[in-house]
Amino acid sequence: MTALLVTLGIVALLYLGILYAVARFSVHPFRTPLFFSPGLIGVPQENVKVIGREGKQLSAWWLPNPEAKTVIILAHGYMMNMSEPSAVAAKLNERGYACLLFDFPGHGRSPNAVVTLGLREAEDVAGAVALAREKMPHAKVVVWGSSMGAAATVLASPNLKLDGMVLDSVYAELLQAAQGWWLFLGGKTLQFFMRPTLIFARVLAKVRLKDGRVTEALKKTDCPVLLMHGDADTMVPLAEAERNQRARAGIDLHVYHGCNHAEGRWVHSGQYYADLYEWLERHGFTAR
């Protein structure tokens, strides 16, 4: 009996240790190296700095277009960097838009910081918007965000007076998205065993997951919104996108068949860009 109790105690300690290590990794994730840039394919690109939370200087790329009437800011997803939306930015710039891409803290080439899946990142989006308006004060400002970047954009938007938002694979509530992460990676079994990491992550990040309510934040905005979502998304089910669409009037939703999280732009590129351009032009976000 004593040996069994000792064994169970060791297993429990190992399990708790794994949970803590995983939670710590989740708020200080591995940095994905830069793997693509607009400049790589000949698009004009300038290195600039965005002033984010706590005055951190965030690595950023500015794609100029002096005659542009609209600036589009592109905010990447969790464990990604500004290479992720670079192809979208390049297409938009070639179409005549000025674009700004940046690395969130703890990602890419930006300084270290706790990653909160959109909560504190909202402050960084605000910094990017400030730079875009400084560079082109008479232009409209639209923010395109992917996953975490989309959530951060919505959470920041009530105070920013944005002209428009494009939200690719955005969640409705952070708590559900955090649980969906494990389902996305390894299915229901992994999700069950990793669920307690949320407790450790909350303590380490010093945030409340229940504050990440995207649907509620959308209700406080009045600008046009475009939701783009895959119908096979295991991390953020399509039902969450539909819930966000019902938040208020003026929110459009385009669904991409057979696509998992943020795959629409890769799998159905032609339709994705057609939907994006049509929405931009319909709402007066002209390039020139």
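The structure we're discussing is the one just above.
In this text, all values refer to a predicted model and were calculated from it rather than measured experimentally.

### Side note on the pattern of salt bridges
- For the coordinates displayed, the defined rule picks out 13 salt bridges.
- A salt bridge links Glu 123 to Arg 120, with the shortest nitrogen-to-oxygen separation between them at 2.5 Å.
- The class of Arg 120 is partly exposed, set by a relative accessible area of 27%.
- Look at the salt bridges and you will find they share partners, linking Glu 54, Lys 56, Arg 120 and Glu 123 into a network.

### Notes on the sheet that holds strand β2 (residues 57–63)
- Pairing is mixed across the open sheet formed by eight strands, whose spatial order is β1-β2-β4-β3-β5-β6-β7-β8. In the strand order of this sheet, the two ends are held by β1 (46–51) and β8 (251–256), each with one partner. Between one strand axis and the next, the sheet turns by 20 degrees as a mean value, whatever way the strands run.
- Inspection of the sheet shows β1 paired to β2 by six bridges, in the antiparallel sense. Bridging across to β2, Lys 49 finds its partner in Ser 59.
- The sheet contacts of helix α10 (residues 269–282) involve β3 (70–75), β5 (140–146), β6 (164–168), β7 (225–230) and β8, and relative to β7 the element is tilted by about 170 degrees.

### Regarding the packing of helix α3 (residues 121–135) against helix α4 (residues 148–156)
- At their nearest, the axes of α3 and α4 sit 8 Å apart, and the two run at 75 degrees to each other. On the basis of the axis angle, α3 is roughly perpendicular to α4. Residues Glu 121, Ala 122 and Val 125 of α3 lie in contact with α4, whose contacting residues are Met 148, Ala 152, Thr 153, Leu 155 and Ala 156.
- For the contact of α3 with α4, the class distribution of residues is six nonpolar, one polar and one charged.

### A word on unusual backbone geometry
- Positive phi, normally seen in glycine, also occurs at Met 79, with a value near 65 degrees.
- Positionally, Met 79 belongs in the loop between β3 and α2 (86–95).
- One non-glycine residue, Ala 262, lies in positive phi territory at about 60 degrees.
- Topologically, Ala 262 is positioned in the loop between β8 and α9 (264–267).
- With relative accessibility at 10%, the residue Ala 262 sits in the buried group.

Calculation rules
- Residues numbered from 1 in each chain as written.
- Predicted model: local features only at pLDDT ≥ 70, side-chain atom pairs only at ≥ 80, totals over all residues.
- Heavy atoms only, no water.
- Salt bridge = Lys/Arg side-chain N within 4 Å of Asp/Glu carboxyl O.
- Buried < 20%, exposed > 50% of the residue type's maximum accessible area, 1.4 Å probe, protein only.
- Pairing = 2+ DSSP bridges.
- Helix = DSSP H or I, 4+ residues; strand = E, 2+ residues; numbered from the N terminus.
- Axes fitted to C-alpha atoms, helices over the stretch in contact; angles between N-to-C directions.
- Contact = heavy atoms within 4.5 Å.
- Parallel < 35°, antiparallel > 145°, perpendicular 65-115°, else oblique.
- Nonpolar A, V, L, I, M, F, W, Y, C, P; charged D, E, K, R; others polar.

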